[in-house]
Amino acid sequence: LEKRPVDMVSLVQNCLETARISTIKEVFITFEPPFDVYLIHVDEAHIKNIVSNLLDNAIKYSGDPVYITVQLIDGPSHMQLHVADRGKGIAPEHIGYIYNMFYRVPEGNLHEVKGFGLGLAYVKQVVEQHGGTIHVKSELKGGSTFVLTIPKNG
Ligand code: ATP
Ligand code: MG
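Report follows, based on the coordinates. Because the structure is a prediction, the values reported are computed rather than measured.

### Focus on the overall build of the chain
The number of helices and strands found in the chain is 4 helices and 7 strands. In the chain, the succession of helices and strands from N to C terminus is β-α-β-β-α-β-β-α-α-β-β. Expected size for 154 residues packed as a compact globule is a radius of gyration near 15 Å; at 15 Å, the chain falls within 12% of this value. By principal-axis analysis of the C-alpha atoms, the chain measures approximately 45 × 30 × 25 Å. Taken over 154 residues, the chain has a buried fraction of 25%. A separation of at least 24 residues holds for 67% of the contacts in the chain among residues at least 6 apart in sequence.

Right, here's the structure in full:
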């Protein structure tokens, strides 16, 4: 990892803009950063990739329009990033597997959404290399919220 001070506000804003223009879906985004600048000590390229991966999933596994809410939350030693969608959700019996390489929630012939099942495995690896954690709260048909917790000075 190549860690240096990274402004999470502009990083998230850049990822949101890129995600918005990479899809033909209509995307409604709620992101109200609590700070003008929020510096943490991380590997910028990898953190950008993981935010993009979570946004990509939020869009892929939602209908049209897409509703995404992103929150940055400052803690004493950690920052939290919440990425919430109102998409198809993940059934409880599949949640334990979604970080495994090549795992995709099985949907038989209806699996029209393309992917390799690698995004979340990568996200989890990068988060853990930073000494952080990833959790998801999801409800089938109700949407998913991924929560990253990352040390500010890892
Ligand atoms: P890739 O990211 O490699 O293009 P992928 O999106 O299928 O492919 P992951 O990002 O690792 O792979 O996600 C694994 C599986 O978890 C997905 O195939 C999907 O079934 C489920 N999943 C991930 N994110 C969401 C989400 N936001 N809503 C619903 N299901 C999701
Ligand atoms: Mg993915």
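On we go from here.
### Describing the site of ligand 1
In the vicinity of ligand 1 there are 20 residues, among which Arg104, Val105, Gly115, Gly119 and Leu120 approach most closely. At the level of elements, helix H2 (44-60) and helix H4 (119-129) are the ones that each hand at least two residues to the shell around ligand 1. The biggest single contributor to the shell around ligand 1 is H4, with 3 residues.

### Overview of the nonpolar core
Ranked by size, the top nonpolar core spans 29 residues in total, and within it Val51, Leu54, Leu55, Ile68 and Val83 carry the most contacts. For this core, the secondary structure elements donating two or more residues are helix H1 (8-21), strand E3 (39-43), H2, strand E4 (66-74), strand E5 (78-85), H4 and strand E7 (143-151). Among the elements that make up this core, the one with the highest residue count is H2 (6 residues). When neighbours within four sequence positions are excluded, isoleucine 68 is seen to be in contact with Val27, Ile29, Leu55, Ala58, Val83, Ala84 and Asp85.

### Some words on H4
Those residues of H4 that sit buried are Leu120, Val123, Val126 and Val127. For H4, the angular spread of buried residues about the axis comes to 125°, placing them on one side. Structurally, H4 contributes buried residues whose contacts are with H2, strand E6 (133-139) and E7. Count one or two residues on from H4 and you reach glycine 131, which has phi positive near 80°.

Analysis parameters
- Residues numbered from 1 in each chain as written.
- Chains lettered and ligands numbered in written order.
- Predicted model: local features only at pLDDT ≥ 70, side-chain atom pairs only at ≥ 80, totals over all residues.
- Helix = DSSP H or I, 4+ residues; strand = E, 2+ residues; numbered from the N terminus.
- Rg over C-alpha atoms; globule rule 2.2 N^0.38 Å.
- Buried ≥ 20, exposed ≤ 12 C-beta atoms within 10 Å, placed from the backbone.
- Contact = placed C-beta atoms within 7 Å.
- Near = placed C-beta within 6 Å.
- Core = buried A, V, L, I, M, F, W, Y, C linked by C-beta atoms within 7 Å.
- Arc of directions from axis to C-beta.

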